[in-house]
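# Observations on chain architecture
Each chain is listed here by its residues.
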Amino acid sequence: MIVYNPFRTWRGLGILVVTVAVSWGQNRLGEASLEQLLNVQVTSVSKKEQRLSRVAAAVFVLNQEDIRRSGAANIPDLLRMVPGLNIAQIDANAWAISIRGFSSRYANKVLVLVDGRTVYTPTFSGVFWEHLDQPLENIERIEIIRGPGATLWGGNAVNGVIDIITKSAKSTQGGLVSVASGSQVHASDTVQYGGKAGSKGSYRLFGKYSNFASSKLVDGPDAADGWNRAHAGFRSDWDVSRRDSLTVEGDLFSNREGQTLRPGFIPAPGDRLFSQKLDATGGNLVARWSHTLMGGSDTAIQVSADTYRRTDQQVPEKVKTLDFDFQHHVALGGRHDLVWGGGFRSTYSGLAPGYPLSFSQPFRTDRLFSIFVQDEMRVAENLWLTLGSKFERNSYTGFEYEPSARLVWTPSIRHALWAAASRAIRQPARIDTDLNADLASIPQGPYVTTTIRLIGNRGLQPEESRDYEVGYRAQLSPKTSLDLTGYLTFYRHLMTMDPGQPQIVLGPPPIQVIVPVEFGNGAAAVSYGGELFGNWNVTGRWRVSPGYSYAQTNPRIGANAVPGATYTFPILIPKHTIQIRSFWNVTRKLEFDQTLSWTLPTVQYPPWTGSNLPGTELPAHARLDARVSRKIGESAEASLVGQNLLRPGIVEVTDAFRVIGSQARRSVYGKLTWTF
């Protein structure tokens, strides 16, 4: 595909971008009533379709219209629209994303799914977001659960779940060609075609290429963090019979990226930064069968195979996962709605030996067995109680349980109050149990060198949260709606780095003094806060959606911890986040949309600050994204998109596992798309 950028020599004046898009929103925003918005169907909370007004959880849904009008170039930028999510860009190809704090490069307390397939890495924990550069045109919606989702989704769904749901092949018939170019987004091009497969099936095929420019370090040099990606995929949906449906989908991708690093894991005076390349390739295949039984109940079976190979900081990582899930949804009488099921997951993972960062057991296979049950009971005419639990057996900590109780009361169709109590766990990853890495080597003179060596601990307990939430949803008037959530969470067995007894290794000079540091469970925390967001239809053509979140987290080292224990890797906890989204249909063919957000301030807790965990405040910052679009004909649209418009650049993360944070740059970009 040829990408034409006639403005390459005009970067000082900005870049004009034209976008053509398939879908076109309603001419009048007010035509979608707020009552309809409050009763949107969600599936992530109960693994069944459920009206939002009946959900006893803090849920936010990004629908197709939100996604189309966001102006986002990737999924992390798209998630900036969600109250309660902490989005911080590390460099041009890496993000720290979490819910309700504990954000880091390897945020380990949020589970991310794509069409029910987990993309949480079992080696380092967290998510490689650059692996998820999905064509945004193919996303049906994104459901975000703020708060534990472990009763249905299991371990690691501690602070929330992000469920990315793609469109069926039936809804993407015909062709689509999309070309994007700009100052930071050099290219984001998609070619796609969907058609019929006989009388019962539909399919789509797509290919996408992305190229993002390098950003700048704080003092001005190039961060050498540009990246490009090739991505191809397919989806097919089949109506096998009146009661049976089958979906088969898959992806292949290849990433080439860069980053700026410092020599050791612990900052030291005189560190000389250097740039380094990294790459990743992988793919997945998913098959999902759904069957409706004679009595109206339904079952579903999903099997997925997922693999990737990634070389980061010159360490080759390999992961292969086979996942099987079964569930059954049945109504029992007039008062019980039961969902139950089970699953099995086998994961082969490891790091090739012979590198500075290695695993004591280079490769291993881990197995996870699980069953869950959840019953929604109608206690009274407008009162529902949901009880359930997940039961798992994993290869690290053995048997685990994750129960929850949820209550929702709807005194009228316009108001709903809910409360929930949950237990969730974060099971250890390979890095926690098998790691062997030298954090720093410190010369003590010509004859002695002290080396701090971090080692894993196979006796770790799971990190645990006990969470309590309350919420209120209301349609206050025909033009305004409100969603309010408050929470209190107690964490225990949080991971620490526990120093051991120094060991002297004699040999040729210099003499080595090894200071071992082992992972432990010596930290705890109390977190509390809330989120508030709403919708206001100012006129039939203009909607304003404000949002606010507050988070206060107080980590501490427990009294029974090893003396000198510190918290593990850096975590970010934004205290206040404010945002205002505006969608304005200026005319029938012209749209003007903006998202303005403030983050103030963010506390960073690094691992080397001592047992009292003093935090460092990162500067407050604001971000403005804007989009102007014009419809051309029946299947085309032209738009200009600006991101981070308020300042030339801002550093959102200073340090992430040796990676030096670069500036999120002001940029202008857009797309050219044609559908047929």
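Procedures and definitions
- Residues numbered from 1 in each chain as written.
- Predicted model: local features only at pLDDT ≥ 70, side-chain atom pairs only at ≥ 80, totals over all residues.
- Heavy atoms only, no water.
- Helix = DSSP H or I, 4+ residues; strand = E, 2+ residues; numbered from the N terminus.
- Rg over C-alpha atoms; globule rule 2.2 N^0.38 Å.
- Buried < 20%, exposed > 50% of the residue type's maximum accessible area, 1.4 Å probe, protein only.
- Areas by Shrake-Rupley, 256 points an atom, 1.4 Å probe, with all protein chains shown as cover.
- Lys, Arg positive; Asp, Glu negative; His and termini not counted.
- Charge placed at Lys NZ, Arg CZ, Asp CG, Glu CD.
- Phe/Tyr/Trp six-rings, centres within 6.5 Å; stacked < 30°, edge-to-face > 60°.
- Lys NZ or Arg CZ within 6 Å of the ring centre and 35° of its normal.
- Polar contact = N/O pair within 3.5 Å; in protein donor to acceptor, adjacent residues only side chain to side chain.
- Patch = residues over 30% accessible without salt bridge, like charges linked within 9 Å, V, L, I, M, F, W, Y side chains within 5 Å.
- Salt bridge = Lys/Arg side-chain N within 4 Å of Asp/Glu carboxyl O.
- Contact = heavy atoms within 4.5 Å.
- Pairing = 2+ DSSP bridges.
- Core = buried A, V, L, I, M, F, W, Y, C linked by side-chain atoms within 4.5 Å.
- pLDDT = per-residue confidence, 0-100.

If you tally the helices and strands in the chain, you get five helices and 41 strands. What you see for the chain is a C-alpha radius of gyration of 25 Å, in line with the 26 Å of a compact globule of 676 residues. For the C-alpha atoms alone, the extent of the chain along its principal axes is close to 75 × 65 × 50 Å. Expressed as a percentage of its 676 residues, the buried residues of the chain come to 58%. Only carbon and sulfur atoms are counted for the fraction: they give 60% of the accessible area of the chain, which is about 27100 Å². Each charge sign in the chain was given a centre, from 70 positive and 59 negative side chains, and these centres are 3 Å apart.

Counted by the stated rule, this structure contains 16 aromatic pairs. Ring plane angle 90° and centroid distance 6.1 Å describe the contact between Tyr106 and Phe128, whose orientation is recorded as edge-to-face. Taken together, the residues span a long stretch of sequence, with Tyr106 in the loop between strand S5 (94-99) and strand S6 (110-114) and Phe128 in the loop between strand S7 (117-118) and strand S8 (139-146) at a distance of 22 residues. Judged by relative accessible area, Phe128 falls into the buried class, the value being 5%. An aromatic cluster of three or more residues is present, and its members are Tyr106, Phe124, Phe128, Tyr308, Phe359 and Phe657. Cation over ring: Arg105 sits above Tyr106, and NZ or CZ is 5.2 Å from the ring centre. The positively charged end of Arg423 is found above the aromatic ring belonging to Tyr401, 4.3 Å away from the centroid.

Attention shifts here to the side chain of Ser98. Along the polypeptide, Ser98 turns up in strand S5. Classification of Ser98 as buried rests on a relative accessible area of 3%. There is a polar contact of 2.8 Å between the side chain of Ser98 and the backbone oxygen of Gly101. Within the structure, Ser98 has its side chain in polar contact with the backbone nitrogen of Ser103 (distance 3.4 Å).

The next subject is a nonpolar patch on the surface. Together, Trp340, Ile371, Val373, Phe391, Phe399 and Tyr401 make up a nonpolar patch on the protein surface, roughly 560 Å² of accessible area in all. For the nonpolar patch, the secondary-structure elements that each account for two or more residues are strand S20 (363-380) and strand S22 (398-412). In this fold, Trp340 is placed in strand S18 (residues 336-351). Of the residues examined, Trp340 reaches a relative accessible area of 36% and is grouped as partly exposed.

The residue Arg581 is located in strand S32 (residues 571-585) in this model. Note on Arg581: relative accessible area 5%, which makes it buried. Sequence separation between Arg581 and Phe102 is 479 residues; the distance between their C-alpha atoms is 25 Å. Every residue in contact with Arg581, bar those within four places of it in the chain, is listed here: Phe60, Leu62, Asp66, Met81, Arg543, Val544, Ser545, Gln594 and Thr595.

The next point concerns the sheet that holds strand S9 (residues 160-166). The five strands lie next to each other as S3-S8-S9-S6-S7, forming an open sheet whose pairing is mixed. Looking at strand neighbours, the two that pair on one side only are strand S3 (58-62) and S7, the edges of this open sheet. Bridging between S6 and S7 involves two bridges; their strand directions are antiparallel. Bridge pairing in S7 links Val114 to Arg117.

Take the pattern of salt bridges next. For the structure on display, the rule yields 45 salt bridges. A salt bridge links Glu637 to Arg68, with the nearest nitrogen and oxygen atoms 3.0 Å apart. Taken as a pair, Glu637 in strand S36 (residues 636-643) and Arg68 in helix H2 (residues 64-70) lie far apart in primary sequence, 569 residues in all. Assigned by exposure class, Glu637 and Arg68 land together as buried. As a salt-bridge pair, Arg627 and Glu591 come within 3.1 Å of each other at their nearest N and O atoms. Of the two residues, Arg627 is situated in strand S35 (residues 621-632) and Glu591 in strand S33 (residues 590-605); the sequence distance between them amounts to 36 residues.

With that out of the way, let us pick up the environment of Ala223. With respect to the helices and strands, the residue Ala223 is situated in the loop between strand S12 (201-212) and strand S13 (227-239). On the basis of relative accessible area, Ala223 is assigned to the buried category, the value being 1%. Separated by 333 residues in sequence, Ala223 and Arg556 place their C-alpha atoms 35 Å apart.

Attention shifts here to unusual backbone geometry. In this model, Pro509 is joined to Pro510 through a cis peptide bond whose omega is 0°. Looking at the secondary structure, you find Pro510 in the loop between strand S28 (503-505) and strand S29 (511-539). Positive phi, normally seen in glycine, also occurs at Gln314, with a value near 65°. Its relative accessible area of 53% is what places Gln314 among the exposed residues.

It is characteristic of soluble globular proteins that their nonpolar side chains tend to be buried jointly. Core analysis: the biggest nonpolar cluster contains 36 residues, and Leu62, Leu79, Trp129, Ile142, Ile144 and Ile162 have the highest contact counts within it. Those elements giving two or more residues to this core turn out to be S3, helix H3 (75-79), strand S4 (85-91), S5, S6, S8 and S9. Beyond its immediate chain neighbours, meaning those up to four positions away, Trp129 contacts Ile75, Pro76, Leu79, Trp95, Ile97, Val112 and Ile162.

Mean pLDDT over the chain works out to 87, with 92% of the residues at or above the 70 mark. Every residue in residues 1-28 is under pLDDT 50, and counting partners more than four places away or in other chains gives 80 contacts. Low pLDDT (under 50) marks residues 608-613, which in the prediction has 16 contacts with non-local residues, meaning those over four places away or in another chain.

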